[in-house]
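Survey of secondary and tertiary structure
Now for the letters of each chain:
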Amino acid sequence: MSIAWVFPGQGSQKTGMADPVLSLPGAEERFALASNLLGRDLLKICRGEGSDADSPSDLNDTRNTQPALFAVESLIVDELLRQGRQPDLVAGHSLGELVALYAAGVFDAATGLELMQRRSELMASAGGGAMTAGIGFDRSQLETLVDATEGVVLANDNSDAQVVISGMPEQVQLVSTSLKCKRAVPLAVSGAFHSPFMAKAAATFAETLDSVTFRDASVPVLSNSEPNPCISGAELKNRLKQQMTRGVRWRETMATMVGMEIDTLVE
């Protein structure tokens, strides 16, 4: 049996999600570290109890969502490793890629939280764009529409049945209303994530990454921008630098896993 660990990204958060992991060793310390870094009580925010009017208190605020998901997912990683479990491959969707890198030993939890704090702040400040999910669509028509519409890209190629487009609000609206699909769902995001419109944020994040040491991975990692197995710390850092401006190639990630005969996914 070949096992891959996969880590979800923004959109998988929910109020109370931290409570089941608080009994795990190191949980209180992990959340205390995150809270000190953020300057607000992340555990209270996870419980829907944030009340500081001078700082973001909503779990769905990108500045809280990303560190909160990293804290929860990294604690689950720690417990799996403590039980002696090991994946043959890891991958993560969007912010989940940073958890995958942590699971593969590329950096420690403190570094992961610092990177997540910086990433979330940069993405939250890069406003002005929009994202819409398309469900049950014609791929050839979608590709034609995106190619013909300046200011729109395919941000998340999740499967043959679900994608997300990203870009300028008017153009995203134009493509989503022109596309024949079962459903088009605008996403509650503050910017055009995973598109060229994130170039300024990506450049700043790249400077942060340059100051961090990436170790070679203990198991192969599939990156969002390049969904083929890699263990080189230098290459994994380079791929992460590209992530904000490039689409999440999740459909190809799953195809790669099939080709590598992965038969079990642990999310």
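What comes next is a walk through the structure.

1. Looking at empty space enclosed by the protein
On inspection of all chains with the given rule, the structure shows one cavity of 30 Å³ or more. Taken as a whole, the largest cavity holds about 40 Å³ of empty space. Along the walls of the largest cavity sit Thr 132, Ala 133, Gly 134, Leu 142, Val 163, Ile 165, Ser 176, Leu 179 and Ala 184, which together make up its complete lining. Of all the secondary-structure elements, those providing two or more residues to the lining of the largest cavity are β3 (130-137) and β5 (162-167). Broken down by element, the residue count for the lining of the largest cavity peaks at three residues, all from β3. The residue makeup of the lining of the largest cavity, split by class, is six nonpolar, three polar and no charged.

2. Some thoughts on the packing of helix α1 (residues 27-38) against helix α5 (residues 109-125)
Two elements in contact, α1 and α5, have axes whose closest approach is 10 Å; the angle formed by their N-to-C orientations is 35 degrees. At the point where α1 passes α5, the crossing takes the right-handed sense. Here α1 contributes Arg 30, Leu 33, Ala 34, Leu 37 and Leu 38 to the contact with α5, which in turn contributes Ala 109, Ala 110, Leu 113, Glu 114 and Gln 117. Here the contact of α1 with α5 is built from residues that sort into seven nonpolar, one polar and two charged.

3. Things to note about the nonpolar core
Judged by nonpolar contacts, the single largest core of 61 residues is most densely connected at Phe 31, Val 90 and Phe 214. A total of eight residues in this core trace back to one element, the largest contributor, which is helix α3 (residues 62-82). Excluding residues that lie within four positions of it along the chain, Phe 214 makes contacts with Leu 101, Val 106, Phe 107, Leu 115, Leu 209, Gly 233, Leu 236, Lys 237 and Leu 240. Counting 10 residues, the second largest nonpolar core, distinct from the first, contains Val 152, Ile 165, Val 172 and Val 175.

4. Looking at the pattern of salt bridges
Scanning the entire structure with this criterion turns up 11 salt bridges. Note that Glu 79 is salt-bridged to Arg 82, the shortest N-O span being 3.2 Å. Here Glu 79 and its partner Arg 82 are both found in helix α3, three residues apart, which amounts to about one turn of the helix. Residue classification places Arg 82 among the partly exposed residues on the basis of a relative accessible area of 44%. With a closest N to O distance of 3.6 Å, Arg 246 and Glu 226 form a salt bridge.

5. As for unusual backbone geometry
Residues other than glycine seldom take positive phi values, yet Ser 94 does so here, at roughly 60 degrees. Secondary-structure assignment places Ser 94 in the loop between β2 (89-92) and α4 (96-103). The residue His 194 is not glycine, and still its phi comes out positive at about 55 degrees. Inspection of the secondary structure assignment puts His 194 in the loop between β6 (181-186) and α8 (199-210).

About the criteria used
As a convention, each chain's residues are numbered from 1 in the sequence order in which they are written. Residue-level local features of this predicted model are given only where pLDDT is at least 70; pairs of side-chain atoms are given and counted only at 80 or more, and the full residue set underlies all totals for whole chains, interfaces and linings. Only heavy atoms go into the side-chain values, all of them from the structure, while hydrogens and water stay out. Buried and open spaces are told apart on a 1 Å grid over the protein atoms alone, a cavity being a set of points where a 1.4 Å probe fits but cannot get out and a pocket being an open set with protein on both sides within 12 Å along at least five of seven lines. Residues with an atom within 4 Å of a point are the lining residues. Grid points are joined across faces, edges and corners, and a volume is the space filled by probe spheres set on the points. A run of H or I in DSSP becomes a helix once it reaches four residues, and a run of E becomes a strand once it reaches two; helices and strands are each numbered from the N terminus. Under the scheme applied here, ten amino acids are nonpolar (Ala, Val, Leu, Ile, Met, Phe, Trp, Tyr, Cys and Pro), four are charged (Asp, Glu, Lys and Arg), and all others, including Gly, are polar. Helix axes are fitted to C-alpha atoms over the stretch in contact, other axes to C-alpha atoms as well, and angles between N-to-C directions run from 0 to 180 degrees. Rotating anticlockwise by less than a right angle from the far helix to the near helix defines a left-handed crossing, while the corresponding clockwise rotation defines a right-handed one. Any two residues having at least one pair of non-hydrogen atoms within 4.5 Å are treated as being in contact. Take the buried Ala, Val, Leu, Ile, Met, Phe, Trp, Tyr and Cys residues and link them wherever side-chain atoms come within 4.5 Å; each set so joined is a nonpolar core. Exposure classes here rest on a 1.4 Å probe applied to the protein chains alone. A residue is buried below 20% of its type maximum, exposed above 50%, and partly exposed in between. Throughout this description, the term salt bridge denotes a Lys or Arg side-chain nitrogen within 4 Å of a carboxyl oxygen of Asp or Glu.

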